[in-house]
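What follows is the residue order along each chain.
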Amino acid sequence: MIALSSHADMLRRASFNVKEQIMDLKPGDVVILKSGGHPVTVAEVNEDSVECLWMGGEGDLFRETLPLAVLERAEIDPSDEEDDEEEDDEDDDDEEDDNK
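Reading guide: rules and limits
- Residues numbered from 1 in each chain as written.
- Predicted model: local features only at pLDDT ≥ 70, side-chain atom pairs only at ≥ 80, totals over all residues.
- Heavy atoms only, no water.
- Salt bridge = Lys/Arg side-chain N within 4 Å of Asp/Glu carboxyl O.
- Buried < 20%, exposed > 50% of the residue type's maximum accessible area, 1.4 Å probe, protein only.
- Pairing = 2+ DSSP bridges.
- Helix = DSSP H or I, 4+ residues; strand = E, 2+ residues; numbered from the N terminus.
- Axes fitted to C-alpha atoms, helices over the stretch in contact; angles between N-to-C directions.
- Phe/Tyr/Trp six-rings, centres within 6.5 Å; stacked < 30°, edge-to-face > 60°.
- Core = buried A, V, L, I, M, F, W, Y, C linked by side-chain atoms within 4.5 Å.
- Contact = heavy atoms within 4.5 Å.
- Polar contact = N/O pair within 3.5 Å; in protein donor to acceptor, adjacent residues only side chain to side chain.

*Asks:* Give me the lowdown on the pattern of salt bridges, citing residues and values where you can.
*Replies:* One pass over the full model with this rule turns up 4 salt bridges. Among the ionic pairs, Lys-26 bridges to Asp-29, the shortest N-O distance being 3.0 Å. The class of Lys-26 is partly exposed, set by a relative accessible area of 48%. With a relative accessible area of 9%, Asp-29 lands in the buried category. The partner of Arg-73 in a salt bridge is Asp-29, with the nearest N and O atoms 3.3 Å apart.

*Asks:* So, the sheet that holds strand β1 (residues 30–33): which residues are in play, and what are the values?
*Replies:* Here 5 strands make up an open sheet; going across it, the order is β4-β3-β2-β1-β5 and the pairing antiparallel. The sheet is open, and its two borders are formed by β4 (61–67) and β5 (71–73), each paired with just one other strand. Between one strand and the next, the sheet's axes are offset by a mean angle of 45°, whatever the strand orientation. Bridge count between strand β2 (residues 40–45) and strand β3 (residues 49–55): 4 bridges; the pairing is antiparallel. Paired with Val-42 across the strands is Cys-52, a residue of β3.

*Asks:* How would you explain the packing of aromatic side chains if you had to name every residue and give the values?
*Replies:* Per the stated rule, a full pass over the model turns up 1 aromatic pair. Pairing Trp-54 with Phe-62 gives two aromatic rings, centres 5.6 Å apart and planes at 15°, and the pair type is stacked.

*Asks:* How would you explain the nonpolar core if you had to name every residue and give the values?
*Replies:* With 9 residues, the main nonpolar core is built from Leu-25, Val-31, Val-40, Val-42, Val-50, Cys-52, Leu-66, Leu-68 and Leu-71. Those elements that place two or more of their residues in this core are β2 and β3.

*Asks:* Could you give an account of the environment of Arg-63, with specific residues and numbers?
*Replies:* Structurally, Arg-63 can be placed in strand β4. When the C-alpha positions of Arg-63 and Val-42 are compared, they lie 9.6 Å apart, and in sequence the two are 21 residues distant. When residues no more than four places from it in sequence are discounted, the contact partners of Arg-63 are Ala-43, Glu-44, Glu-51, Cys-52, Leu-53 and Trp-54. Here the side chain of Arg-63 touches Glu-51 through a polar contact of 2.7 Å, side chain to side chain.

This is how it looks when you write it as structure tokens:
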């Protein structure tokens, strides 16, 4: 009985810590499903759910309300952002060459 009680206390504390981390979400934050998938952007935070937005492969905009319990912050690799900027610069250079 003591082992179960202490295990239950540990789970309760872990659940509290997870909620505490998720509760500080705000619109514009990037999250991901704990089970994996593509990053999505937080549009609105409610008491126990979050409205998220993402772009589909065909450019369609999707919006879905998800429970806080299934989300975690997405870790964005800074090198990915640098790669995107480099690609944008290359695209700009290509456009300038086309205009000459």
